[in-house]
Amino acid sequence: EIIFPNPANDFVTLKGESLGMVSIYNALGQKLDEFEPNDTEIRINTAGYENGIYVVKVGEKALRFVVKH
């Protein structure tokens, strides 16, 4: 899986072969969003997220991205 752009402003795109359940967590480990995409790509709106570091969990994998407005 890859996530871009990083740092993000209004959105991030997550690409992978089979994206099952996708969860977004903030730096405190609080779940902010959860998606179940039916495609190999999902675009996540980050305009409402505070500046900082976030973790995307896709199955057993975890990817980090930064939001900077």
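Residues numbered from 1 in each chain as written. Predicted model: local features only at pLDDT ≥ 70, side-chain atom pairs only at ≥ 80, totals over all residues. Heavy atoms only, no water.

Novice: So what exactly am I meant to see when it comes to the pattern of salt bridges here?
Specialist: Side-chain pairing between opposite charges can occur once the charged atoms of the two side chains come close. Considering all chains together, one arrives at three salt bridges under this definition. K15 is the partner of E41 in a salt bridge, and the nearest nitrogen-oxygen pair spans 3.7 Å. Within this pair, whereas E41 is found in strand β5 (residues 41-45), its partner K15 is found in strand β2 (residues 11-15), the two being separated by 26 residues in sequence. The exposure class of K15 is partly exposed, given its relative accessible area of 36%. We note a salt bridge from E34 to K31, for which the minimum N-O separation is 2.8 Å. On the accessibility criterion, E34 (44% relative accessible area) is partly exposed. By relative accessible area, K31 is classed as partly exposed at 45%. (Salt bridge = Lys/Arg side-chain N within 4 Å of Asp/Glu carboxyl O. Helix = DSSP H or I, 4+ residues; strand = E, 2+ residues; numbered from the N terminus. Buried < 20%, exposed > 50% of the residue type's maximum accessible area, 1.4 Å probe, protein only.)

Novice: I would appreciate a short explanation of the packing of aromatic side chains in the present structure.
Specialist: Given two aromatic rings, their pairing is described by the distance between the two centres and the angle made by the two planes. Evaluation of the coordinates by the stated rule reveals two aromatic pairs. Relative to Y54, the ring of Y49 has its centre 5.1 Å away and its plane inclined at 35°; by these criteria the two rings are tilted. Given the relative accessible area of 5%, Y54 is considered buried. Ring geometry for Y54 versus F65: centroids 5.7 Å apart, planes at 20°, classification stacked. Placement of Y54 in strand β6 (residues 52-58) and of F65 in strand β7 (residues 61-67) is noted, with a sequence separation of eleven residues between them. (Phe/Tyr/Trp six-rings, centres within 6.5 Å; stacked < 30°, edge-to-face > 60°.)

Novice: Help me understand the sheet that holds strand β3 (residues 22-25), please; the structure alone is not making it clear to me.
Specialist: Within a sheet, neighbouring strands are paired by backbone hydrogen bonds and run either parallel or antiparallel to one another. The antiparallel open sheet is built from four strands, whose spatial order is β4-β3-β6-β7. The open sheet has two edge strands, β4 (31-35) and β7, and neither has a second partner. For this sheet, the mean inter-axis angle between neighbouring strands, taken without regard to orientation, is 20°. Where β3 and β4 come together, four bridges link them in antiparallel fashion. Within β4, the position partnered with Y25 by the bridge is K31. (Pairing = 2+ DSSP bridges. Axes fitted to C-alpha atoms, helices over the stretch in contact; angles between N-to-C directions.)

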